[in-house]
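Below are the chains, spelled out letter by letter.
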Amino acid sequence: MSFKFLLCTALMLLSSLPVKAQEQQLLIYCGITMVRPITELSRLFETRENIRVTISQGGSEDLYQSAKKSRIGDLYLPGEPSYRGKHQAEGLLGDYKVVGYNQMALFVQKGNPKRLKGDANELLRKDLTIIIGNAESGSVGQETKTMLDNLGIYPKVVAKAAMLMPDSRAINLAMKRGEADATLNWRATAFFPDNATHVEAINLDPKVAKPQALLLIQLTFSKNPVLSRKFVDFIASEEGQAIFRKHGFLDNKAIH
């Protein structure tokens, strides 16, 4: 999904609102993996604050580029913290809070018919068809590259992969269609009801699959900074964290 498409979508959503509604609404750029808890929490926040929350979803890098191009929106939630470090110098990313943790896992078809044991090196097995995330578009691909580079096998896995997928949702769809035996993906997505009947996650050594902080970041060009901060505080609260846990994420107290 290109940032041009995301930009056009965001602009159409905003331009369709009357002026008064535009003054009382938030636009959140949300990585694919976190869309379900953020959607549930947004609906609660809308009811309590009598506002509208719009969610633009996609790969984390594509989302940042969309926000940078449009200078429209209030919050950015990438799938891992490296995006903040990568783009901080550009001045668009402001204050943030940790609202949970992502962690990678080895995904296999339901029942693990190929008998994988939870070692990322197994992706090189000759009897497996594999897919992986594209490091240029989303957090799942970026974290896959980091993990496999640390193991010294990333180029070999890329060469073996049948496809490079843009985000976690595309990976799960391909797995559900039976297009691969194994992949790496964000662990929480294996517990989504529409995925759980098709795939299962095999935990990896935490030294290999390190939990990655989810940073809900205020955009410095937000026209609603007070409301944005209130939303961030709500997501980071115990009520918000309970919903993140319900969707399979580690909460913001999991890592000390």
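Residues numbered from 1 in each chain as written. Predicted model: local features only at pLDDT ≥ 70, side-chain atom pairs only at ≥ 80, totals over all residues. Heavy atoms only, no water.

Looking at the overall build of the protein chain
Per the secondary structure count, the protein chain includes eleven helices and ten strands. For 256 residues, the compact-globule estimate of 2.2 N^0.38 gives 18 Å, and the protein chain sits close to it at 18 Å. Projected onto its principal axes, the C-alpha coordinates of the protein chain cover approximately 60 × 35 × 35 Å. Here the protein chain holds 256 residues, and the buried ones make up 53% of them. Sequence separation of at least 24 residues holds for 78% of the intrachain contacts in the protein chain that already meet a minimum separation of 6. Total accessible area on the protein chain stands at roughly 11400 Å², and carbon and sulfur atoms take up 55% of it. When the 33 positive and 26 negative side-chain charges of the protein chain are each reduced to one mean point, those points stand 1 Å apart. (Helix = DSSP H or I, 4+ residues; strand = E, 2+ residues; numbered from the N terminus. Rg over C-alpha atoms; globule rule 2.2 N^0.38 Å. Buried < 20%, exposed > 50% of the residue type's maximum accessible area, 1.4 Å probe, protein only. Contact = heavy atoms within 4.5 Å. Areas by Shrake-Rupley, 256 points an atom, 1.4 Å probe, with all protein chains shown as cover. Lys, Arg positive; Asp, Glu negative; His and termini not counted. Charge placed at Lys NZ, Arg CZ, Asp CG, Glu CD.)

Some details on the sheet that holds strand β5 (residues 104-109)
Pairing is antiparallel across the open sheet formed by three strands, whose spatial order is β8-β5-β9. Single-partner strands in this sheet number two, and they are β8 (182-186) and β9 (199-202). Across the sheet, the mean angle from the axis of one strand to that of its neighbour is 40°, orientation sign disregarded. Bridge count between β5 and β8: five bridges; the pairing is antiparallel. Within β8, the position partnered with V108 by the bridge is A182. The sheet contacts of helix α6 (residues 139-151) involve β5 and β8, and relative to β8 the element is tilted by about 115°. Here helix α8 (residues 168-176) sits on the sheet and contacts β5, β8 and β9; the angle it forms with β8, its principal contact strand, is near 145°. (Pairing = 2+ DSSP bridges. Axes fitted to C-alpha atoms, helices over the stretch in contact; angles between N-to-C directions.)

Some remarks on the sheet that holds strand β3 (residues 75-77)
Strand order across the open sheet formed by five strands is β2-β1-β3-β10-β4, with mixed pairing between neighbours. The strands lining the two open edges of the sheet, one partner per strand, are β2 (52-58) and β4 (93-102). Taking the axes of each pair of neighbouring strands and ignoring which way they run, one obtains an average angle of 20° across the sheet. Here β3 pairs with strand β10 (residues 212-219) via two bridges, running antiparallel. The partner of L75 across the bridge, within β10, is Q218. Packed onto the sheet, helix α3 (residues 35-49) meets β1 (25-31), β2 and β3 and runs at close to 170° relative to β2.

Some points on the environment of D181
With respect to the helices and strands, D181 occurs in the loop between α8 and β8. In this structure, the C-alpha to C-alpha distance between D181 and V199, residues 18 residues apart in sequence, is 9.7 Å. Apart from the residues lying within four places of it in its own chain, the contact partners of D181 are F107, V108, Q109, K114, D127, L128, T129 and M175.

Describing unusual backbone geometry
Despite not being glycine, N50 shows a phi value in the positive range, around 55°. Structurally, N50 is set in the loop between α3 and β2. Taking the relative accessible area as the measure of exposure, N50 reaches 69% and is therefore exposed.

Focus: the packing of aromatic side chains
According to the stated counting rule, one finds four aromatic pairs in the structure shown. Note on F45 and F231: the rings are 5.0 Å apart at their centroids and 85° apart in plane angle, and the pair reads as edge-to-face. On the criterion of sequence distance, the pair formed by F45 in helix α3 and F231 in helix α10 (residues 225-236) is long-range, its members being 186 residues apart. For F231, a relative accessible area of 0% gives the class buried. Three or more aromatic residues link up through ring pairs in this structure, and these residues are F45, F231 and F234. (Phe/Tyr/Trp six-rings, centres within 6.5 Å; stacked < 30°, edge-to-face > 60°.)

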